[in-house]
Amino acid sequence: MSPRERARIVVLLAPATLFLGVFFLGPLVIIAVYSLLTPGLYGGVEWTFYHWNFGRIFGWADGIMEVFQPVYLRILLRSLSFGLLTVLVCLTLCYPVAFWIARLPQRWRMLFLFLITLPFFASLIVRLYAWLLILKPSGPLGMAFTALGMEPPELLYSPAAVILGMVYIFIPFMFLPLFAAVDNLDRALVEASADLGATPFQTFRKIIVPQTLPGIAGGSVIVFIPAVGNFIVPDILGGANGLMIGNLVEQQFLSSRNWPFGSALAMVIMGVVLVVLVTFTSRAAKAGAVR
Amino acid sequence: MKRPLLALPLALLASAASAETLALYNWGDYINPEVMTRFTAETGIEVTLDTYSSNEEMLAKIQAGATGYDIVFPSVWMQDIMVKLGLLHETRINEHPDFSRINPAFMRSKEDPDSSFCLPYAWGTVGVFYNEDITGPINGWADFFAIPERTGAKISLLDDMREVLGMGLIMTGHSVNSTDPAEIQAAADYVISQRGKVTAFTYESMALMTSGDLAAAHFFVGGHVFFLDMPNIKYVIPVEGATMYQENVCVLKDAPHKEAAQRFLEFYLQPEIAALNVSQQFNGTPNIPANQLTPDFIKNNPNVNVPDATLARLQIFEDLGAAIRVYDRAWSAIKTAQ
């Protein structure tokens, strides 16, 4: 690489590096540092080392100022399973639809892609309130059940409502990468597989799934991450019955004035999500290599 | 050094835009828009309004160096903290001749006992709204928690750490400002014992009361505004005891428009203005003559214009200091109880 080329690369990469450094790495470092400091009496921090923030979560505590409570691990586990469930439901809904839309004529495809991203045009809060109105027992859903002579299900303020809300807001995140992968699928391979005597299930498992795996993995990751840390959906639709770890972080900053503990919880979410993703992607990579 | 560097360009910008503006930072829906319109009409000063949803949110933003705001509306205990932290400007509003209209009982701040910083703004109670058609008459918390079993209807509590634990402390016979871990634990145990009857911890209960999905809800007196045409929805300040809140009008030390802010405080001393605010907000005012100027449905409503006997069973929150951590743990335990 000539010095000129090198200089050009440095110049081209500088804005992105600077941007990520200031707006991504900077806040991250602040959270990491705060998670190991003493909480200030009125919010903020005192600059002395304090490991009890993590002790409260994982099981060591002095028992006087800080007490270990297993609720944090339990809520973390629940958040992970809510995130996973959201991914699975989104995937199940989006996968067949992606195939269907990929086969449509060009102008119809654009229309449907537009329709799927349409909800982004309205505020998230407004859309979640709309769900509150739909799910309440006297709402359209409840009325439909009553009209059919059935007892309306107790959906609002339940974990199911939280999953439903999250699936609703994250569907486009799953759909778009999935659609890109399905659209690029080499149909000749599918036909060849059938010609060579593979059953439809074999074709699906050996040809279609591996080829669309990047889309499945990409969609799953970008749904899973924000779903695990979500707090607005459980806030509006869960009513504390679908409490997630994000709500506990929010509580630390907005009512308990314990920024270091909130930071510690945030670091734990990040750590756990990272571990899950690394395991997942290395498995996915292996599966890809086998193909 | 961070703050002045940031403050300077912002202040310059603000003053360049217009010499006569005033930036309010208030709770959502906590001022009658008419009051701001009247202020602009009277003084020519343009008013902007930003909102927050908790004292802590406001404090965190001000501490983080949010500049450009002139006036905030902290609860009394938060005012105490802000005075201690040196965030407020001393307005000497108590030296204004019209200050005599303020009922001295509402000069509750420990750090500002003679109101030389802030002007007492408004106060209200936190009680129970109930749909009488479903629940029949309700007197207090015991009646409230009996509703689900008695009628099969649903009830909700506020999604608020201090309010819910405060109710638990009241029901177990302690101060809502207790810092004794055993008392706080007892309060949490009481709430957890009622947890199964509570459909949700939420602030969004008023819409569900209107639609009939909730039969009763723990809420602020200001909720009256939703039920103007629904006489079957009633409000009660529980007999066992309840909490009250009071917010004061404070000028920030970094306020870019201190003169305009001072004029707003003086403007709000007028009884007609305080009454105008109350008539839309359904809360109480510390301005004595203003209480005679409110509409009849407020003046004659003992739940809004509270008689002394009821006042005696109300408690107001104070800052908990480090004991807030005991509350935080109890609150996490309540919210995650199965």
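It should be noted that the structure appears before, not after, this text.
Computed from a predicted structure; not experimentally measured.

Engineer: Is there a simple way to explain the overall build of chain B in this structure?
Structural biologist: Of regular secondary structure, chain B possesses 14 helices and ten strands. Relative to its length of 338 residues, chain B is compact, with a C-alpha radius of gyration of 21 Å against a globular reference of 20 Å. Residue pairs at least 24 apart in sequence account for 74% of intrachain contacts in chain B once pairs closer than 6 positions are excluded.

Engineer: Explanation requested: unusual backbone geometry in the structure shown.
Structural biologist: A negative phi angle characterises most non-glycine residues, just as the trans form characterises most peptide bonds. In this structure, Tyr157 of chain A is a non-glycine residue whose phi angle is positive, near 60°. By the element assignment, Tyr157 of chain A lies in the loop between helix 6 (140-147) and helix 7 (159-183). For Tyr157 of chain A, a count of 27 C-beta atoms within 10 Å translates into the label buried. Despite not being glycine, Ser115 of chain B shows a phi value in the positive range, around 55°. Within the fold, Ser115 of chain B resides in the loop between helix 4 (76-84) and strand 4 (119-131).

Engineer: Explain the interface of chain A and chain B here, please?
Structural biologist: A common measure of how large an interface is: the accessible area buried when the components associate. Taken together, the 27 residues of chain A in the interface contact 29 residues of chain B. Going through the elements one at a time, helix 3 (71-102) and helix 11 (245-254) of chain A are the ones with two or more residues in the side of chain A that touches chain B. Partitioning the side of chain A that touches chain B into residue classes produces 15 nonpolar, nine polar and three charged.

Engineer: In this structure, what is going on with the nonpolar core? I would like to understand it.
Structural biologist: Nonpolar side chains in soluble globular proteins tend to be buried together. Counting 149 residues, the largest nonpolar core has Phe170 and Leu265 of chain A together with Leu165 and Ala216 of chain B as its most contacted members. Looking at which element gives the most residues to this core, the answer is helix 7 of chain A, with 14 residues. When residues are assigned to domains, this core turns out to be shared by domain 1 (2-123 + 246-307) and domain 2 (124-243 + 313-336) of chain B, each giving three or more. Beyond its immediate sequence surroundings of up to four residues, Leu265 of chain A is in contact with Ile57, Tyr72, Ile245, Leu248, Val249 and Gln252 of chain A.

Rules of the game
Think of each chain on its own: its residues are numbered from 1, step by step along the sequence as written. Throughout, the order in which chains and ligands are written sets their labels, letters from A for the former and numbers from 1 for the latter. Local features in a predicted model are, by the rule used here, given only for residues with pLDDT of at least 70; side-chain atom pairs are given and counted only at 80 or more, and totals for whole chains, interfaces and linings are based on all residues. Secondary structure elements follow DSSP: runs of H or I of four or more residues count as helices, runs of E of two or more count as strands, with numbering from the N terminus. Computation of the radius of gyration draws on C-alpha atoms alone. For the globule rule, the value is 2.2 Å times the number of residues to the power 0.38. Any pair of residues counts as being in contact when their C-beta atoms, constructed from backbone geometry, are within 7 Å of one another. Around each residue's C-beta, the other C-beta atoms within 10 Å are counted; 20 or more make the residue buried, 12 or fewer make it exposed, and counts in between make it partly exposed. All C-beta atoms are placed from the backbone. Charged means Asp, Glu, Lys or Arg here, nonpolar means Ala, Val, Leu, Ile, Met, Phe, Trp, Tyr, Cys or Pro, and polar covers whatever is left, Gly included. Throughout this description, the term nonpolar core refers to a group of buried Ala, Val, Leu, Ile, Met, Phe, Trp, Tyr and Cys residues whose C-beta atoms join them within 7 Å. What fixes the domain bounds is an automatic or database domain assignment.

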